[in-house]
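# Architecture at a glance
The primary structure of each chain is shown beneath.
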Amino acid sequence: MTQVIRGVVRDPEGSPVAQARVFIAEGPVPVPDVAILTDDRGEFALAAPEPGTYRLACSAEGFAQGSESVEAGGQETHVEIRLGRRP
């Protein structure tokens with residue numbers, strides 16, 4: 001059964017980041033190299049093929065790359081990714 005990972009990408013001040021690129025960097029099984037862009041509210045949804053731990057990575061212009069691990073095990077999982085300021 002496909003797991004849905006929903007989340008939001010935020011900047012260091014907590015504001016949503018639109019058009020950030022989010023993708024699965026690591027997972028319990030191989031996953032296609034597919035990325036999705038966040039909407040105007042900084043929100044995204046990705047499909048995870050199997051339950052388990054996934055590391056999501058995110059990049060956006062003007063920010064340092066961020067990542068967050070999430071456990072996908074139910075119908076839907078929620079995560080927040082914070083991006084840092086680029087040095």
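Residues numbered from 1 in each chain as written. Predicted model: local features only at pLDDT ≥ 70, side-chain atom pairs only at ≥ 80, totals over all residues. Heavy atoms only, no water.

## Some words on the sheet that holds strand β2 (residues 21-26)
With respect to topology, 4 strands assemble into an open sheet ordered β3-β2-β5-β7, the strand pairing being antiparallel. Each edge of the sheet is formed by a strand with only one pairing partner; in this case those strands are β3 (35-37) and β7 (66-72). Pairs of neighbouring strands in the sheet enclose a mean axial angle of 30°, with direction left out of account. Inspection of the sheet shows β2 paired to β3 by 3 bridges, in the antiparallel sense. (Pairing = 2+ DSSP bridges. Helix = DSSP H or I, 4+ residues; strand = E, 2+ residues; numbered from the N terminus. Axes fitted to C-alpha atoms, helices over the stretch in contact; angles between N-to-C directions.)

## Considering the sheet that holds strand β1 (residues 3-10)
Spatially, 3 strands are ordered β4-β1-β8 in an open sheet, and the strand pairing comes out mixed. One side of each edge strand has no neighbouring strand; the edge strands of this open sheet are β4 (43-48) and β8 (76-82). Sheet twist, expressed as the average angle between the axes of neighbouring strands with direction ignored, equals 25°. One ladder, built from 7 bridges, connects β1 with β8; its direction is parallel. Bridged to arginine 10 within β8 is arginine 82.

## Here we look at the pairing of strand β5 (residues 52-59)
As judged from the 5 bridges shared by β2 and β5, these two strands associate in the antiparallel manner. In the strand pairing of β5, isoleucine 24 is matched with leucine 56. Of the pairings in the sheet, the one linking β5 to β7 comprises 7 bridges and is antiparallel in character. Each residue of the ladder has a partner; that of cysteine 58, found in β7, is glycine 66.

## Notes on the environment of threonine 38
Among the structural elements, threonine 38 can be located in the loop between β3 and β4. The spacing of threonine 38 and glycine 7 is 31 residues in sequence and 9.1 Å in space, taken between C-alpha atoms. Those residues in contact with threonine 38 that lie beyond four places of it in its chain are Val9, Val17, Ala18, Gln19, Ala20, Val22, Glu43 and Phe44. Of the polar contacts made by the side chain of threonine 38, one reaches the backbone oxygen of valine 17; its length is 2.7 Å. (Contact = heavy atoms within 4.5 Å. Polar contact = N/O pair within 3.5 Å; in protein donor to acceptor, adjacent residues only side chain to side chain.)

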